[in-house]
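Breakdown of the fold
Spelled out from the first residue to the last, the chains are:
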Amino acid sequence: LPEMQNLTETSQAPLLQILENAIEAFPKSSGEYNGSASPFEEWRFSVRPNNEDENAESKLIGMKVKPTFFNGEYCLMVILRDETATQQLSVSNENNKFKDNLLASISHELKTPLNCNIGLLSEGLSDPNVSADVREKYFVPMLTSSHLLNYFVCDLLDYAEIRKNTFSLEMSVISLKDICKELEFLFSTMSALRGIPFHIEIFSDTMEVVAEPRRLKQVLINLITNAFKFSNEGSIQLKVESTHEEGKPCLRFSVVDQGIGLDIEELQALRKFLSSPRNSKNINLFRKSKGSCLGLRICQSLIQQMGCESLIVDSLKNVGSTFSFTLSEKEQSTLKRFKDIALSSINTEERKEDTSRENPTRHTQIHTSITIPSVKCLCRRVLVVDDNDYNLLILRTKLQKRGYEVISAYNGQQCIERVINILQDTNKCTNPDCRSITLILMDVDMPIMNGIDATLNLKRMMNEGTIPSIPIVGCSAFDSAQDIVEGLKAGMKDYITKPVLDQNLDEILKSI
């Protein structure tokens, strides 16, 4: 190595010392060495070239020493290698991993207060004591901005998962009507404030598409938001139309604006970027005036995961831009809900084994014995388990509106204690046949005992007959396929994600 030929005296000293130590450590002669392939002894040290440049970077040198035979003579083989680049790559990978984990952690922490805002504002909109003027002036703008911010936080979470190659989707047949209704609501305030009309037009008899519901909305929200961002006048339109690709029926989604548009050079740079969104060099020109393109990176990744080859971009300077993509149509009967597929894939015996695991390092086991009422509860009582007071407030408000009594717990251990105490409290209800608890809504990420461990413990107690069968439904901001499957395997009857929509809550309450 060139660096080894011109070392400072300071660097020479440890090198010579290491060589002396190596000589002392290994057999002194071939008679003491049996010729077996003994492991290398390894050392690493930094050296700095002996030159006049005070800013010269030090090199990380790796040295390996091993006894061997060379030309029939016993000797020590010394291998020196510059490991600077390897170390730099390792440090870079560790830094990237830390940043990805930090990004995911912060995004999850942001989702909790956002979900609370959305839930409380939604309840405020339906409160008859709130005047129509206050709802329109304050509640609607706050709610739409909170929803949009929540989707952008989801962008960050997806970006972190994409970088770590842990991204997954739960594809299903979804209704265009529901998506369009939400988009009209989300952009109604922005459209009114900017004075730019926003329209949705559907040119198709088919009102269903195969996609992942939240991710499809994320893509459309990103594209529509960009359209507003780069438009000073004109209108913005979302068009959905039937088409065919490779003989298969598809739906084409197009976001059309009459904004500032792109010149030829910018358009070419953007198209090149979309062909390789992980290569930031492809978008240097475009980024100078158009931002980081994080939203477009995520859009491209999401639609590719949902079966589309790429975003298609057409644009003219000072005329406007069109961003479009296609997704497949499919009959409802050919595609099930993801949770149904997950449930059907979980063997009944495997689920019983999961609920009776006795691994003290992973699951805390709680044993008790109580008298079980002989018939089902006639009360309407829900135990809500969540470590966030605002989440508890939202769910309590929603459930009380529907005529349910609500009991709360802040973690899994407290939940189990609540169940035992309620079932043992004969004075809790005047109905002598009361089973006491109609439903448990269980958060997942909680201190002391998480929701998965609590569910496993409760299901084990139900299987042993120490408590009656009580439906447990997961209720968490963690909404990946892996999170849902883990909850269902633990014994949850169903799994809903935050922010909890009235429609989803009503479906759960109806099913029990």
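Residues numbered from 1 in each chain as written. Predicted model: local features only at pLDDT ≥ 70, side-chain atom pairs only at ≥ 80, totals over all residues. Heavy atoms only, no water.

**So, the overall build of the protein chain**
Across its full length, the protein chain holds 17 helices and 15 strands. The buried share of the protein chain, reckoned over its 512 residues, is 45%. When contacts within the protein chain are restricted to residue pairs at least 6 apart in sequence, those whose partners lie at least 24 apart make up 70%. In the structure as shown, the protein chain presents an accessible area of about 27,200 Å², 49% of it carried by carbon and sulfur atoms. (Helix = DSSP H or I, 4+ residues; strand = E, 2+ residues; numbered from the N terminus. Buried < 20%, exposed > 50% of the residue type's maximum accessible area, 1.4 Å probe, protein only. Contact = heavy atoms within 4.5 Å. Areas by Shrake-Rupley, 256 points an atom, 1.4 Å probe, with all protein chains shown as cover.)

**Comments concerning the packing of helix 4 (residues 132-164) against helix 5 (residues 176-186)**
Angle between the axes and distance between the axes are the two parameters that describe a pair of packed helices. Where helix 4 contacts helix 5, the two axes come as close as 9 Å, and the packing angle between them is 120 degrees. Regarding the angle of helix 4 to helix 5, the classification is oblique. For the pair helix 4 and helix 5, the contacting residues are Val140, Leu143, Thr144, His147, Leu148 and Tyr151 in the first and Glu182, Phe185 and Leu186 in the second. (Axes fitted to C-alpha atoms, helices over the stretch in contact; angles between N-to-C directions. Parallel < 35°, antiparallel > 145°, perpendicular 65-115°, else oblique.)

**Focus: the nonpolar core**
Within soluble globular proteins, side chains that are nonpolar tend to cluster in buried spots. Of all hydrophobic cores here, the largest spans 50 residues; its most connected members are Leu183, Phe187, Leu216, Leu223, Phe253, Phe325 and Leu327. Among the elements that take part in this core, helix 7 (residues 213-229) stands out by supplying eight residues, more than any other. If near-sequence neighbours (up to four positions away) are discounted, Leu223 is found in contact with Val255, Leu296, Cys299, Leu311, Phe323 and Phe325. Counting 30 residues, the second-largest nonpolar core is a separate cluster that includes Leu423, Ile440, Val444 and Met462. (Core = buried A, V, L, I, M, F, W, Y, C linked by side-chain atoms within 4.5 Å.)

**Examining the sheet that holds strand 8 (residues 248-257)**
Here we have five strands laid out as an open sheet, ordered 5-7-8-10-9, and mixed in their pairing. Edge positions in the sheet fall to strand 5 (198-203) and strand 9 (312-316), since each has one partner strand and no second. Strand after strand, the sheet turns through a mean of 20 degrees between neighbouring axes, direction not considered. Strand direction decides the pairing type here: strand 7 (residues 236-245) and strand 8, joined by 10 bridges, are antiparallel. Looking at the pairing, Lys239 lines up with Ser254 of strand 8. (Pairing = 2+ DSSP bridges.)

**So, the pairing of strand 2 (residues 59-70)**
Relative to strand 3 (residues 73-82), strand 2 is paired through 10 bridges, and the arrangement is antiparallel. Directly across from Gly62, in strand 3, lies its bridge partner Arg81. Connecting the antiparallel pair strand 2 and strand 3 is a turn made up of two residues, with Asn71 showing a positive phi of about 55 degrees.

**Focus: a nonpolar patch on the surface**
On the surface, a nonpolar cluster with roughly 370 Å² of combined accessible area is contributed by Phe98, Leu102, Ile106 and Leu110. Counting through the fold element by element, Ile106 comes out in helix 3 (residues 84-125). (Patch = residues over 30% accessible without salt bridge, like charges linked within 9 Å, V, L, I, M, F, W, Y side chains within 5 Å. Salt bridge = Lys/Arg side-chain N within 4 Å of Asp/Glu carboxyl O.)

**Looking at the sheet that holds strand 14 (residues 472-476)**
One open sheet accounts for five strands, arranged 12-11-13-14-15; its pairing is parallel. Sheet topology places strand 12 (405-409) and strand 15 (494-497) at the edges, where each strand pairs with a single neighbour. Going across the sheet, the axis of each strand differs from the next one's by a mean of 25 degrees, ignoring polarity. Sheet topology places strand 11 (residues 381-385) next to strand 13 (residues 439-442); four bridges connect them, and they run parallel. For Val384, the partnering residue across the bridge sits in strand 13 and is Leu441.

**Considerations on the side chain of Gln218**
Within the secondary structure layout, Gln218 lies in helix 7. At 2.7 Å, the side chain of Gln218 and the side chain of Asp155 are in polar contact. Filtering out sequence-adjacent residues up to four positions away, Gln218 remains in contact with Tyr151, Cys154, Asp155, Asp158 and Leu302. (Polar contact = N/O pair within 3.5 Å; in protein donor to acceptor, adjacent residues only side chain to side chain.)

**Section: the confidence of the model for the protein chain**
One rule of thumb: low pLDDT means the predicted coordinates there are not for detailed reading. Residues with a pLDDT of 70 or more make up 75% of the protein chain, whose mean pLDDT is 78. Strand 13 holds the highest mean pLDDT among the elements of the protein chain, 96, whereas helix 12 (residues 348-355) holds the lowest, 44. Counting interchain partners and residues more than four positions distant, the pLDDT-below-50 stretch residues 33-39 has 10 contacts. (pLDDT = per-residue confidence, 0-100.)

**Thoughts on the packing of helix 7 against helix 10 (residues 294-305)**
The contact between helix 7 and helix 10 brings their axes to 10 Å, and the two run at 145 degrees. Seen from above, helix 7 lies across helix 10 with left-handed handedness. In this structure, helix 7 uses Arg215, Gln218, Val219, Asn222, Leu223 and Asn226 to contact helix 10, whose residues at the interface are Gly295, Leu296, Cys299, Leu302 and Ile303. Taken together, the residues of the contact of helix 7 with helix 10 break down into six nonpolar, four polar and one charged. (Left-handed = near helix turned anticlockwise from the far one by under 90°. Nonpolar A, V, L, I, M, F, W, Y, C, P; charged D, E, K, R; others polar.)

**A few points about the side chain of Lys398**
Examined against the element boundaries, Lys398 turns out to sit in helix 13 (residues 389-401). Judged by its relative accessible area of 2%, Lys398 is buried. Every residue in contact with Lys398, bar those within four places of it in the chain, is listed here: Glu123, Val500, Asp502 and Leu505.

**Details of a negative patch on the surface**
The grouping of Glu109, Asp387, Asp389 and Asp445 at the surface amounts to a negative patch. Locating Asp445 in the fold gives a position in the loop between strand 13 and helix 15 (451-464). (Lys, Arg positive; Asp, Glu negative; His and termini not counted. Charge placed at Lys NZ, Arg CZ, Asp CG, Glu CD.)

**So, helix 13**
Its 13 residues give helix 13 an end-to-end C-alpha distance of 18 Å, which sits within 8% of 18 Å, the value for a rise of 1.5 Å per residue. Those residues of helix 13 that sit buried are Asn391, Leu392, Ile394, Leu395, Lys398 and Leu399. All buried residues of helix 13 project into a common sector of 160 degrees when viewed along the axis, lining one side. For helix 13, the capping residue at the N-terminal end is Asn388, with a side-chain oxygen 2.9 Å from the backbone nitrogen of Tyr390. (Expected span 1.5 Å × (residues − 1). Arc of directions from axis to C-beta.)

**Re the packing of aromatic side chains**
Taken as a whole and assessed by the stated rule, the structure comprises four aromatic pairs. Relative to Phe198, the ring of Phe187 lies with its centre 5.7 Å away and its plane at 55 degrees, an arrangement referred to as tilted. Of this pair, Phe187 sits in the loop between helix 5 and helix 6 (188-194) while Phe198 sits in strand 5, and the two are 11 residues apart along the sequence. Across the pair, Phe198 and Phe187 agree in class, each one buried. Here the aromatic rings of Phe253 and Phe325 are separated by 5.3 Å at their centres, their planes lie at 10 degrees, and the arrangement is stacked. Pair noted here: Phe253 is in strand 8 and Phe325 is in strand 10 (residues 320-328), with a separation of 72 residues, a long-range link. Per residue, the accessibility class of Phe253 equals that of Phe325, and both read buried. Here the aromatic residues Phe187, Phe198 and Phe228 are joined through ring pairs into a cluster of three or more. Directly above the aromatic system of Tyr404 lies the positively charged group of Arg380, at a separation of 4.0 Å from the ring centroid. (Phe/Tyr/Trp six-rings, centres within 6.5 Å; stacked < 30°, edge-to-face > 60°. Lys NZ or Arg CZ within 6 Å of the ring centre and 35° of its normal.)

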